[in-house]
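Single-letter residue listing:
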Amino acid sequence: MNQTFGLANMWTQGDVVTRTVALFLLVMSIISWVIIITKALNLYKTKKIAKEIECFWHAPSFEVALGQMTQELNPYCDLAKSAQEAMKHHNQQAGSRSELHQTLNPSDWLTRCLKVSIDKSVGGLQQGLTFLASTGATAPFIGLFGTVWGIYHALVGIGTSGTATIDQVAGPIGEALIMTALGLAVAIPAVLAYNAISRTNKVLIAELNRFGNDLYAFFITGARVGNSNTARSANQD
């Protein structure tokens, strides 16, 4: 008797557990690919925006430089605005009477504001990576669970029928092994994307810190850091 095997037969002949595992892997795959594509597009835009930094420092004034930058989804522009607003706020506070006995000096205040802005940008860059890491770590085991359950379900069916010919054993067990393959198919892209995005994020975060150092030096000393080692790091507490 000819029997049909494959994904369609596994779905129609499978029980609730098998279908639940398959749906779970499908949802994990869809979400992973949405995150991968979204992060890839955002990182591509951010890397293009990074080329504006040198033009920023060649502008005649800080306001003109800000106006020339891309305003939307631009961590560099957000960092520059944070630095400008921080210094304006500190100058206004210093120019008015205050009941506080002590206030932060401009250097400490600017450093903290730059750090907050950089941390916010880093949080945006890291968004979605936890899901990719979790998918890469758990999807193979979810697929393996589906395989074990499918083999168990197939063996129970063979035992109930009372016959154990090669086609009756190999077909259902082969279908069960598909779940392991699906788990790997979900996990491998997630792991590769996680590693690639994390690597790109590290480069962008380093560039943000360098830009923060330049902004710090500009507002405190009136010049960019350049190759000087005297400027404080923008990510210092």
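Residues numbered from 1 in each chain as written. Predicted model: local features only at pLDDT ≥ 70, side-chain atom pairs only at ≥ 80, totals over all residues. Heavy atoms only, no water.

## Brief notes about the UniProt feature "transmembrane region" (unreviewed entry) in the protein
Argument step 1. As recorded in UniProt, the sites labelled "transmembrane region" (unreviewed entry) are residues 20-41, 129-152 and 172-194.
Argument step 2. Taken end to end, residues 20-41 is 100% helix and 0% strand, and its first and last C-alpha atoms sit 32 Å apart.
Argument step 3. Secondary structure within residues 129-152 divides into 100% helix and 0% strand; the distance between the first and last C-alpha atoms comes to 35 Å. (UniProt positions renumbered as here; feature names shortened; annotations may be inferred. Helix = DSSP H or I, 4+ residues; strand = E, 2+ residues; numbered from the N terminus.)

## Remarks on the packing of aromatic side chains
Argument step 1. Per the stated rule, a full pass over the model turns up 10 aromatic pairs.
Argument step 2. Taking 4.9 Å as the distance between ring centres and 85° as the angle between the ring planes, the aromatic pair formed by Phe-56 and Trp-57 counts as edge-to-face.
Argument step 3. Classification of Phe-56 by relative accessible area gives buried; the value is 4%.
Argument step 4. You can call Trp-57 buried: its relative accessible area is 16%.
Argument step 5. Residues Phe-62 and Phe-219 carry aromatic rings whose centres are separated by 5.1 Å and whose planes lie at 65° to one another, so their mutual orientation is edge-to-face. Of this pair, Phe-62 sits in helix α4 (residues 62-68) while Phe-219 sits in helix α8 (residues 166-221), and the two are 157 residues apart along the sequence.
Argument step 6. Accessibility expressed as a relative area gives 22% for Phe-219, which makes it partly exposed.
Argument step 7. An aromatic cluster of at least three residues, connected via ring pairs, comprises Phe-56, Trp-57, Phe-62, Tyr-76, Phe-211, Phe-218 and Phe-219. (Phe/Tyr/Trp six-rings, centres within 6.5 Å; stacked < 30°, edge-to-face > 60°. Buried < 20%, exposed > 50% of the residue type's maximum accessible area, 1.4 Å probe, protein only.)

## Regarding helix α6 (residues 106-126)
Argument step 1. Relative to the 30 Å expected for 21 residues at 1.5 Å per residue, α6 spans 30 Å between its end C-alpha atoms, a close match to the ideal helical length.
Argument step 2. Burial in α6 covers these residues: Ser-107, Leu-110, Thr-111, Cys-113, Leu-114, Ser-117, Ile-118, Ser-121, Val-122 and Leu-125.
Argument step 3. Gly-128 sits one or two positions beyond α6 and adopts a positive phi of about 95°. (Expected span 1.5 Å × (residues − 1).)

## Focus: the pattern of salt bridges
Argument step 1. Applying the stated rule across the entire model yields 1 salt bridge.
Argument step 2. Put simply, Lys-115 and Asp-119 hold a salt bridge, and the shortest N to O gap is 2.9 Å. Taken together, the residues span about one helical turn, with Lys-115 and Asp-119 both in helix α6 at a distance of 4 residues.
Argument step 3. Looking at Asp-119, the relative accessible area reads 41%, which means it is partly exposed. (Salt bridge = Lys/Arg side-chain N within 4 Å of Asp/Glu carboxyl O.)

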